[in-house]
Amino acid sequence: MKPAAFAYAKARSLRDAITLLGKHKKGARLLAGGQSLIAALNMRLDAPSVLIDINGIEGLDEIHLKKGWVEIGALVRHSQALHSPIIAKHVPLIAKALPHIAHPAIRNRGTIGGSIALADPAAELPACLVALGGEAVITGPKGKRTVKADNFFKDLFETALGPRDVLTAIRVPVASSESRFGFAEICRRRGDYAIVGLATSARVKDKELSDIRLVYFGIGSKPERARKAEAALVKGKIDAAVAALDDDLDPHDDVQATGATRRYLAGVLLKRIARELAEVRL
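Conventions used here
- Residues numbered from 1 in each chain as written.
- Predicted model: local features only at pLDDT ≥ 70, side-chain atom pairs only at ≥ 80, totals over all residues.
- Heavy atoms only, no water.
- Pairing = 2+ DSSP bridges.
- Helix = DSSP H or I, 4+ residues; strand = E, 2+ residues; numbered from the N terminus.
- Axes fitted to C-alpha atoms, helices over the stretch in contact; angles between N-to-C directions.
- Contact = heavy atoms within 4.5 Å.
- Parallel < 35°, antiparallel > 145°, perpendicular 65-115°, else oblique.
- Left-handed = near helix turned anticlockwise from the far one by under 90°.
- Nonpolar A, V, L, I, M, F, W, Y, C, P; charged D, E, K, R; others polar.

### Some details on the sheet that holds strand S5 (residues 69–73)
And step 1. Strand order in this open sheet of five strands is S4-S5-S10-S6-S7, and the pairing throughout is antiparallel. The open sheet has two free edges, formed respectively by strand S4 (63–66) and strand S7 (143–148), since each of these has just one partner strand. When the angles between neighbouring strand axes are averaged without regard to direction, this sheet yields 25°.
And step 2. Bridge analysis of strand S6 (residues 135–140) against strand S10 (residues 166–173) gives five bridges, and the strand direction is antiparallel. Residue pairing in the sheet places Ile138 in a bridge with Leu167 of S10.
And step 3. Across the sheet, helix H1 (residues 14–24) lies against S6 and S10, angled at about 125° from S10, the strand it touches most.

Given below as structure tokens:
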């Protein structure tokens, strides 16, 4: 299929992009990597009146280490992040997740900001951002603001972004010697969207685990924290943590798997992640 007709505008600056969004209102879509957007256009799942190309806006394709945080620009490509020594050293959870995203050709074009802003519930990076306790950096008509990841993802493909907002970066805390991370997903073929995935962060001090975040993806309408399972896992009770998933998660049925299958696989991944943390205490 081919997309419905649309106009094209090249944003020369961040302010220009915001102005164009205001001019075209609900009919506008931002174009970054386009790896999800173009497919949606071709299948006519979306039919905007204009695409606003933000590629080339200065400063949005950079990765910086800033006072205990790593800031990743919205136009940083997945492949760029995958080969970044800053991310490898200071954000190991994202480094673990990036090789699971699609295939090399898509990672070469797809952007970090595009994945976060789209908020596909089966995507890896939104779950990682929540697991890390990160933030979204947003610029709009009233200036710049940050939104915690826990509050950024609202529902299916719905975020805290307003109609004239541009996601300009994400910020995640720098990993410390006390940090522990786990990542796992189950998919039919390498590169497919996950049937179920789990991104995890924790802290260890004096051989005790704390601040565990278990964030599932591919299982609901947005990244889902399993808070009761987190509490059980802090106490070292793996079986209780798996049982708690019945209260934490409400998996859906679709063509890939039933909700019951997803619930079972969620427990499989939790046990797998617990084994990664076994060297600490479990």
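Having seen the structure, we can now continue with the description.
### A few points about the packing of helix H11 (residues 238–248) against helix H12 (residues 259–276)
And step 1. It is at 9 Å that the axes of H11 and H12 come closest, and there the two elements cross at 150°. Taken as axis vectors, H11 and H12 run roughly antiparallel relative to one another. The handedness of the crossing between H11 and H12 comes out as right-handed. Here Ile238, Ala241, Val242, Leu245 and Asp246 of H11 come into contact with H12, specifically with Arg263, Ala266, Gly267, Leu270, Lys271 and Ala274.
And step 2. Here the residues of the contact of H11 with H12 are counted per class, giving seven nonpolar, one polar and three charged.

### Observations regarding the sheet that holds strand S11 (residues 179–186)
And step 1. Within the open sheet, the four strands sit side by side as S11-S12-S13-S14. Their pairing is antiparallel. Each edge of the open sheet is held by one strand with a lone partner, namely S11 and strand S14 (224–225).
And step 2. Two strands pair when backbone bridges link them, and strand S12 (residues 196–205) and strand S13 (residues 208–217) are joined in this way by eight bridges, in the antiparallel orientation. Each residue of the ladder has a partner; that of Gly197, found in S13, is Phe217.
And step 3. Along the sheet, helix H10 (residues 227–234) contacts S13 and S14; its crossing angle with S13, the most-contacted strand, is approximately 150°.
And step 4. Where H12 meets the sheet, it contacts S11, S12 and S13, and its direction lies at approximately 145° from that of S11.

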